[in-house]
Amino acid sequence: MVQGTTSDAGKSTVVAALCRLLKRQGVAVVPMKPQNMALNSAVTIDGGEIGRAQALQAIAAGLPAHTDMNPVLLKPSSDTGAQIIIHGKVRADMNARDYDQYKTIAMQAVLQSYGRLQQQYDNIIVEGAGSPAEINLRARDIANMGFAEAVDCPVILVADIDRGGVFAHFLGTLACLSESEQNRIVGFVINRFRGDISLLEPGLTWLEEKTGKPVLAVLPYLHGLMLDAEDAIQSSQQGAGKFRIIVPAIPRISNHTDFDALRAHPEVDLQFIGPGMAIPPADLIILPGSKNTRADLAFLLEQGWQPVLEKHLRYGGKIIGICGGYQMLGHVVSDPHGVEGIAGDSDGLGLLDISTELTKDKRLQQVTGRCLFGNQNGNSIENQAAKVSGYEIHMGITYASNDTQPVFVLDNDSAELEGSRSPDDQILGSYLHGLFDHPEACAALLAWAGLKTEVTVDLAALREQSIDRVADACVPLLAALQALPTRLSQN
């Protein structure tokens, strides 16, 4: 099990790297995260939903994503409440206190998944969540040491030296653990190191002497990785390209990995616009997915986005709405059952002739299809029939008027038409997450928005290259781990 001294210490990346290395050795390996809290999720082969990081780790292991890889997923809808997803399906909406009591039940789901994975794979690489030193959460912990103790697995502890205070992080974490939990940690990993390793060595010696535990590896800081983020919005290289795209960083933004292909495009300048920031002019504005559409819609209105969007359209700009952002573009978002909080209706932005009703049932599916839009060029229409691939994760049905045109046609038995475009072709809305991931769809959407270029981005290839880079960097770590006993009972 890979645990971290903090969130974003590098646990997800280390697990992905170890999965890729073991796969290279011909080992049947699988990733697992007992409990994840994230708004970036993925649809699995068994029709469920798991954290995006576990889907990335599945790719590293050469496996299709499955709900047993992340049996408990928490999707926050407010500061105190979350949607509880067990084995890929919505179980309930709970506040933090109620979920704390519910964790004893959730633990049974975790152990069921672990048991099934044990029967199918030689090695399970487990990722913890946050830090095991969160004393207030230890009583019914299922995410870190509570799980490790239950299944009797060794733990390595990862810390991010780029944050500073790496030795204090290790010692402080150990000090917060019980004796049995301390004994469970078999070594340390220092992540994101840059500089002269000889200057770090006195500290490594001191740490090993102080704790009696080895430093298993010091991993380098790797620049330019394209790996799916678990939750935090990835920083953008502003000014990198001539074509400016802006995205409002709404409070409950979900699946912002939708923008990874655009972040990687050399001719695109993608910027997330946070609260209180000046909203710059842009070629394309994209409204992202949301875990709480009505609340995030209210945020957009408070932040002054309505007149910005209207001015953007008057000057010929293009707008794309994805999932919750698609719903916001319409006349009304209705939540009669209180799916996302208090029941009621909210007036939408009124830019697309659609209306949405949120429902209790969640639609989860992976899809492929082709584009139905294009740019007029002489007597031909360019970009039509470009391939698209993505996935749907939403609770709600959107009704479009006859004036709107579809965006995609899906490759299913009914050749389902998906999404809506405005009659003037300036606005496009779709429920498909990952709609930029396929190179053809990305190029077609950017061409529709006005970017004339021959450059394409293959996000899947970039992801594979990044997984291999982190795996290569973790070769010494795997060697050190394989030299250790595989179970604590052997110590």
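Keep in mind the model is a prediction, meaning the values are calculated, not measured.

A. How the structure looks around the sheet that holds strand 6 (residues 72–76). The sheet built from 4 strands is open, its strands ordered 3-6-7-8 with mixed pairing. Of all the strands in the sheet, just strand 3 (35–37) and strand 8 (89–95) have a single pairing partner and so form its edges. Across this sheet, the average inter-strand angle for adjacent strands is 25°, counted without regard to direction. Sheet topology note: the strand 3/strand 6 ladder contains 3 bridges and is parallel. Across the sheet, the residue bridging to N36 is L73, located in strand 6. Most of the contacts of helix 3 (residues 96–120) go to strand 8, to which it runs at about 150°, and overall it touches strand 3, strand 6, strand 7 (81–86) and strand 8.

B. Looking closely at the pattern of salt bridges. For the structure on display, the rule yields 25 salt bridges. When the shortest N-O distance is used, the salt bridge between D8 and R163 registers 3.9 Å. Residue D8 is located in the loop between strand 1 (2–4) and helix 1 (11–24), and its partner R163 is located in the loop between strand 10 (155–160) and helix 5 (166–175); the two are separated by 155 residues in the primary sequence. Overall, D8 belongs to the exposed group, its relative accessible area being 51%. Classification of R163 as partly exposed rests on a relative accessible area of 42%. With a closest N to O distance of 2.5 Å, E49 and K75 form a salt bridge. With E49 in strand 5 (residues 49–51) and K75 in strand 6, this pair connects stretches of sequence that are 26 residues apart.

C. Seen up close, the side chain of T173. With respect to the helices and strands, the residue T173 is situated in helix 5. For T173, a relative accessible area of 4% puts it in the buried group. There is a polar contact of 2.7 Å between the side chain of T173 and the backbone oxygen of H169. In contact with T173, not counting residues within four places along its chain, are T5, P132, A133, L157 and A168.

D. Molecular detail of the sheet that holds strand 28 (residues 417–418). Ordered by their spatial adjacency, 4 strands build an open sheet running 25-22-27-28, and the pairing between neighbours is antiparallel. The two strands at the open ends of the sheet, each matched to only one other strand, are strand 25 (387–394) and strand 28. Here strand 27 (residues 408–410) runs beside strand 28; their pairing, made up of 2 bridges, is antiparallel. Across the sheet, V409 pairs through a bridge with L417, a residue of strand 28.

E. Structural context of the packing of aromatic side chains. Counted by the stated rule, this structure contains 8 aromatic pairs. Centre to centre, the rings of F373 and F408 are 6.2 Å apart; their planes meet at 70°, and the pair counts as edge-to-face. With F373 in the loop between strand 22 (363–371) and strand 23 (375–377) and F408 in strand 27, this residue pair connects regions lying 35 residues apart in the sequence. Across this residue pair, the class does not change: F373 and F408 are buried. Feature note: the residues F373, F408 and W448 constitute an aromatic cluster, connected by ring pairs. Stacked on the ring of W448, the Lys or Arg K318 has its end atom at 4.3 Å from the ring centre.

F. Layout of the pairing of strand 18 (residues 318–322). Burial of strand 18 is extensive: 5 of the 5 residues sit out of reach of the surface. Residues K318, I320 and I322 of strand 18 are buried on one face, and the alternating residues I319 and G321, pointing to the opposite face, are buried as well. Two strands pair when backbone bridges link them, and strand 18 and strand 30 (residues 427–430) are joined in this way by 4 bridges, in the parallel orientation. Across the sheet, the residue bridging to I322 is S430, located in strand 30.

G. Structural view of the nonpolar core. By size, the foremost hydrophobic cluster in this structure holds 59 residues, and its most contacted members are I245, L262, I286, I320, F373, F408 and F436. It is helix 12 (residues 439–449) that provides the largest number of residues to this core, a total of 7 residues. Leaving out residues up to four positions away in the same chain, I286 has contacts with I245, I246, V247, P248, F259, L262, I320, I322 and F436. Residues M94, V151, C153 and L207 belong to the second largest nonpolar core, which totals 47 residues.

H. Region of the structure containing the packing of helix 1 against helix 13 (residues 459–473). The contact between helix 1 and helix 13 brings their axes to 8 Å, and the two run at 85°. Here helix 1 lies roughly perpendicular to helix 13, going by the angle between them. Seen from helix 1, the contacting residues are T13, A17, R20, L21 and R24; seen from helix 13, they are E464, I467, D468, V470, A471 and D472. Residues that form the contact of helix 1 with helix 13 fall into these classes: 5 nonpolar, 1 polar and 5 charged.

I. Highlighting the packing of helix 1 against helix 14 (residues 475–482). Taken N-terminus to C-terminus, the directions of helix 1 and helix 14 make an angle of 75°; their axes are 10 Å apart at the nearest point. With respect to helix 14, the axis of helix 1 lies roughly perpendicular. Side by side, helix 1 and helix 14 meet where V14, L18, L21 and L22 of the first sit next to V475, L477, L478, L481 and Q482 of the second. Residues that form the contact of helix 1 with helix 14 fall into these classes: 8 nonpolar, 1 polar and no charged.

J. Spotlight on helix 3. Counted at 1.5 Å a residue, the expected span for helix 3 with its 25 residues is 36 Å, and the 34 Å between its end C-alpha atoms agrees. At K103, helix 3 shows its largest kink, close to 50°. Capping the start of helix 3 is the job of one residue whose side-chain oxygen sits 3.2 Å from the backbone nitrogen of R97: N95.

Criteria and thresholds
- Residues numbered from 1 in each chain as written.
- Predicted model: local features only at pLDDT ≥ 70, side-chain atom pairs only at ≥ 80, totals over all residues.
- Heavy atoms only, no water.
- Pairing = 2+ DSSP bridges.
- Helix = DSSP H or I, 4+ residues; strand = E, 2+ residues; numbered from the N terminus.
- Axes fitted to C-alpha atoms, helices over the stretch in contact; angles between N-to-C directions.
- Contact = heavy atoms within 4.5 Å.
- Salt bridge = Lys/Arg side-chain N within 4 Å of Asp/Glu carboxyl O.
- Buried < 20%, exposed > 50% of the residue type's maximum accessible area, 1.4 Å probe, protein only.
- Polar contact = N/O pair within 3.5 Å; in protein donor to acceptor, adjacent residues only side chain to side chain.
- Phe/Tyr/Trp six-rings, centres within 6.5 Å; stacked < 30°, edge-to-face > 60°.
- Lys NZ or Arg CZ within 6 Å of the ring centre and 35° of its normal.
- Core = buried A, V, L, I, M, F, W, Y, C linked by side-chain atoms within 4.5 Å.
- Parallel < 35°, antiparallel > 145°, perpendicular 65-115°, else oblique.
- Nonpolar A, V, L, I, M, F, W, Y, C, P; charged D, E, K, R; others polar.
- Expected span 1.5 Å × (residues − 1).
- Bend = angle between axes of the 7 residues up to and from the residue.

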